Structure formats: C-alpha cells, structure tokens
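Here is what each chain is made of, one letter per residue.
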Amino acid sequence: MGTIARFNPLRAFADLRRFLASRGRHEIIFLFAALFISGGIVVGFAVASKVDKPYVAPDIIYVQSWRADRTDAEIIAQQKIDMEKKKIQDAKEAEFEAKKRAEFKRVGDQLRKWGI
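Each chain carries its own residue numbering, running from 1 in the direction its sequence is written. Totals for whole chains, interfaces and linings use all residues, but because this is a predicted model, local features are given only for residues with pLDDT of at least 70 and pairs of side-chain atoms are given and counted only at 80 or more. Note: side-chain values were computed over all heavy atoms of the structure, leaving out hydrogens and water.

Asks: Tell me about the overall build of the chain, and name the residues and values.
Replies: To qualify as a helix, a DSSP run of H or I must reach at least 4 residues; to qualify as a strand, a run of E must reach at least 2; elements of each kind are numbered from the N terminus. Within the chain one finds four helices and zero strands. What the globule rule says is 2.2 Å times the number of residues to the power 0.38, and the radius of gyration is computed from C-alpha atoms. What you see for the chain is a C-alpha radius of gyration of 34 Å, clearly larger than the 13 Å of a compact globule of 116 residues, by over 25%. Taking the principal axes of its C-alpha atoms as reference, the chain extends roughly 95 × 55 × 20 Å. Each residue is assigned to one of three classes by its accessible area relative to the maximum for its type, calculated with a 1.4 Å probe on protein chains only: buried under 20%, partly exposed between the two thresholds, exposed over 50%. Relative to its full complement of 116 residues, the chain shows a buried share of 0%. All accessibility values rest on the Shrake-Rupley procedure with a 1.4 Å probe; residue burial counts only the protein chains present in the view. Entry remark: accessible area of the chain is about 11700 Å², with carbon and sulfur atoms responsible for 65%. The charged-residue count follows a simple rule in which Lys and Arg add positive charge and Asp and Glu add negative charge, with His and chain termini not counted at all. The atom standing in for a charge is NZ when the residue is Lys, CZ when it is Arg, CG when it is Asp and CD when it is Glu. Charge-centre separation for the chain: the mean point of 22 positive side chains lies 15 Å from the mean point of 15 negative side chains.

This is the structure we're talking about:
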C-alpha cells in the first residue's frame, strides 16, 4: 500500500522529462521510431485477430424411416435409386477435385518456371 500511495503521475512525468533531456537527439529519434514500429506491429496483430466467423447453418442429417414389412423388391429398387444419386454425387466431387488439381498444377508450374 505504501508504494501506491507514493506514486504521483506528475513526478513520473517530470522524471521522464529529465531522462529524455539527458539523452542525445539521435537516441530520442530512435526511441520514438522503435516505439512507433513496435506499436504498429501490436496494433496490426490486434486488428488482424478480430475475424468474423461466417454463419454456417447446422448440418442436419435426416434419417429415413422404413417400414418393417418391406419386400426385397422394394429394398432393391430403393438401393438402385440411391446408387444413381451416389454416382451423380461422386461424379461432381471428382470434377471438383480435378479442377482443384489443375489449379494447383498450374501454380506449381509457374513457381517451377520462376525457380521456386
């Protein structure tokens, strides 16, 4: 408690003024340059750390309810319908992967051309 009671902002400011007055001009310039650069880096990190998270709708998975008395023919027919849907989805995914692979290959070729 005794240390806090003796703290006086005016004395601290006067002490800082005396310290800076005893320094050379070039030291003061470099001091403020260092403070400005360090402050800029800290502010940059503070600004960059605030990333808004995009709203992502919850991924709801619906489960189909099947009758217990289905025949084998009904089951096979539904499996054929599901297989066609799966083939279409797999084809879309393969096309997307091929496009991404081509993009990465193009970038890789450019970097190789530059010697990186």
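Continuing now.
Asks: I'd like a description of helix α4 (residues 72–114), backed by residues and values.
Replies: Helix span, as expected, comes to 1.5 Å for every residue beyond the first. Relative to the 63 Å expected for 43 residues at 1.5 Å per residue, α4 spans 62 Å between its end C-alpha atoms, a close match to the ideal helical length. Immediately beyond the C-terminal end of α4, within one or two residues, lies G115, with a positive phi of roughly 90°.

Asks: Kindly report on a nonpolar patch on the surface, identifying the contributing residues and their values.
Replies: Only residues whose relative accessible area exceeds 30% and that take part in no salt bridge are eligible for patches, with like-charged residues grouped when within 9 Å of each other and nonpolar side chains (Val, Leu, Ile, Met, Phe, Trp, Tyr) grouped when within 5 Å. By convention in these notes, a salt bridge is any Lys or Arg side-chain nitrogen within 4 Å of a carboxyl oxygen on Asp or Glu. On the surface, F36, I37, I41 and F45 cluster together to form a nonpolar patch covering roughly 520 Å² of accessible area. Tracing the backbone through its elements, the reader meets I37 in helix α3 (residues 25–48).

Asks: Account for the confidence of the model for the chain, with residues named and values stated.
Replies: As a per-residue quantity, pLDDT reports the predictor's confidence and falls between 0 and 100. Across the chain, pLDDT averages 90, with 98% of residues at or above 70. Looking at the elements of the chain, mean pLDDT is at its lowest for helix α1 (residues 2–6), recorded as 71, and at its highest for α4, recorded as 95.

Asks: Which residues make up the pattern of salt bridges, and what values do they have?
Replies: Summed over the entire model, instances satisfying the criterion amount to eight salt bridges. Between D109 and K105 there is a salt bridge, and its shortest N-O distance comes to 3.1 Å. You can see D109 and its partner K105 sitting in helix α4, four residues apart, about one turn around the helix. A relative accessible area of 33% means that D109 is categorised as partly exposed. For K105, a relative accessible area of 51% corresponds to the exposed category.

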